[in-house]
Structure formats: C-alpha cells, structure tokens
Amino acid sequence: MDSPTQNTSLQRLQNVEKRIVRVLELAGGVMDELATPTGPRKEFINNHCLEFMKMIKDIQVTLRDEIKSACEYRPFEKCDYSSRISNEICCKKLEYVLSQLNSMEQTIDEYQSTI
C-alpha cells in the first residue's frame, strides 16, 4: 500500500501509474519466459505471477479509494450556480411559451376577423 507521506491524490495516482508499468513489465517477462526454446522456469513464472497478482490487488485498492474519495469531493456543494442557471433556463422557456401563446392568439384573432 501507499506510505503515509503520500498525501495528495495526484501523488497516489502517480504511484499507481508506476505500479501499472511494473505490472506490464512482469507480464512481459512471463511472456518472454514462456517463449524460451528451453521451456519456462517454473520458479521464475511463479514468482512473477505472485508479484503480478499482489500488485494488481494493490492497484485496485488504491484506485477504488481514489474513486471513492473523488465521489465524496463536492467543491461546489454550497454554490447556487446550478440553481441560478436552471432558473434562467426556465425563464427563457416561459418567454418562449408566452411568445407562442401570443402568436396563437394573434392567429385566432385573424381567423375570427375573416369570418
């Protein structure tokens, strides 16, 4: 897991990135070993696979924690921007409906005057 000195999300994610690179190196090493003409060395494969699985688990835990942390972060929780924009949109919709109603009223008046 991460050491206590890694306090920022960015630092933790950079550490995950390094571990992902290492996991890929391990997988590549296993593939190379499996492709050797003399056949794979069992101990080499076992060691690499154990390290691979441990690192994958650590990566999953760290990413899960980061996702959870990001979901809990609400910097604009007390901001009224969203509600103000929503109100402005509603006002624009009402203005449009009113213009359509006025247009319909004018059409009705024109129709009744021709009768």
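In what follows, the structure referred to is the one given above.
Residues numbered from 1 in each chain as written. Predicted model: local features only at pLDDT ≥ 70, side-chain atom pairs only at ≥ 80, totals over all residues. Heavy atoms only, no water.

Participant: Could you clarify how one ought to interpret the overall build of the chain in this entry?
Facilitator: Assigned secondary structure in the chain consists of three helices and zero strands. Beginning at the N terminus, the succession of helices and strands in the chain can be written as α-α-α. Looking at the chain as a whole, 14% of its 115 residues are labelled buried. Within the chain, residue pairs in contact and separated by at least 24 positions form 60% of the contacts whose partners lie at least 6 positions apart. For the chain, the accessible area works out to roughly 9,800 Å², and carbon and sulfur atoms hold 60% of it. (Helix = DSSP H or I, 4+ residues; strand = E, 2+ residues; numbered from the N terminus. Buried < 20%, exposed > 50% of the residue type's maximum accessible area, 1.4 Å probe, protein only. Contact = heavy atoms within 4.5 Å. Areas by Shrake-Rupley, 256 points an atom, 1.4 Å probe, with all protein chains shown as cover.)

Participant: Explanation requested: the pattern of salt bridges in the structure shown.
Facilitator: When their charged atoms lie close together, side chains carrying opposite charge are able to pair. Summed over all chains, the structure comprises five salt bridges. For the salt bridge of Glu 66 with Arg 12, the shortest nitrogen-to-oxygen distance reads 2.4 Å. Of the two residues, Glu 66 is situated in helix H2 (residues 42–72) and Arg 12 in helix H1 (residues 9–34); the sequence distance between them amounts to 54 residues. Among the residues examined, Glu 66 registers a relative accessible area of 9% and is labelled buried. (Salt bridge = Lys/Arg side-chain N within 4 Å of Asp/Glu carboxyl O.)

Participant: Sorry if this is basic, but what is going on with the packing of H1 against H2 here?
Facilitator: When two helices pack together, their arrangement is given by the angle between the helix axes and by the axis-to-axis distance. In the contact formed by H1 and H2, the axes pass within 9 Å of each other and the chain directions differ by 155°. As far as their axial angle goes, H2 and H1 are roughly antiparallel. Seen from above, H1 lies across H2 with left-handed handedness. Of the residues belonging to the contact of H1 with H2, the class tally is 15 nonpolar, four polar and seven charged. (Axes fitted to C-alpha atoms, helices over the stretch in contact; angles between N-to-C directions. Parallel < 35°, antiparallel > 145°, perpendicular 65-115°, else oblique. Left-handed = near helix turned anticlockwise from the far one by under 90°. Nonpolar A, V, L, I, M, F, W, Y, C, P; charged D, E, K, R; others polar.)

Participant: Is there a simple way to think about the packing of aromatic side chains in this case?
Facilitator: Here a ring pair, both rings aromatic, is described through the centre-centre distance and the interplanar angle of the planes. On inspection of all chains with the given rule, the structure shows zero aromatic pairs. A cation sits over an aromatic face here: Arg 41 above Phe 44, 4.8 Å from the ring centre. (Phe/Tyr/Trp six-rings, centres within 6.5 Å; stacked < 30°, edge-to-face > 60°. Lys NZ or Arg CZ within 6 Å of the ring centre and 35° of its normal.)

Participant: Just to check I follow, could you spell out a nonpolar patch on the surface for this structure?
Facilitator: Side chains of Tyr 96, Val 97, Leu 98, Leu 101 and Met 104 sit close together on the surface and give an oily, nonpolar patch of about 510 Å² of accessible area. Assignment of secondary structure puts Val 97 in helix H3 (residues 81–114). Judged by relative accessible area, Val 97 falls into the partly exposed class, the value being 43%. (Patch = residues over 30% accessible without salt bridge, like charges linked within 9 Å, V, L, I, M, F, W, Y side chains within 5 Å.)

Participant: Could you clarify how one ought to interpret the nonpolar core in this entry?
Facilitator: Taken as a class, soluble globular proteins show a tendency for nonpolar side chains to be buried jointly. Counting five residues, the largest nonpolar core is built from Val 16, Val 23, Leu 26, Met 55 and Ile 59. Elements represented by at least two residues in this core include exactly H1 and H2. Counting residues per element, this core draws most heavily on H1, at three residues. Apart from the residues lying within four places of it in its own chain, the contact partners of Val 23 are Phe 52, Met 55, Ile 56 and Ile 59. (Core = buried A, V, L, I, M, F, W, Y, C linked by side-chain atoms within 4.5 Å.)

Participant: Is there a simple way to think about the state of the cysteines in this case?
Facilitator: Here a disulfide denotes a covalent bond joining the sulfur atom of one cysteine to the sulfur atom of another. Under the definition given, this model contains zero disulfides. Of all cysteine sulfurs in the structure, the one in Cys 91 sits closest to Cys 90, which takes part in no disulfide; the separation is 7.1 Å. (Disulfide = S-S within 2.5 Å.)

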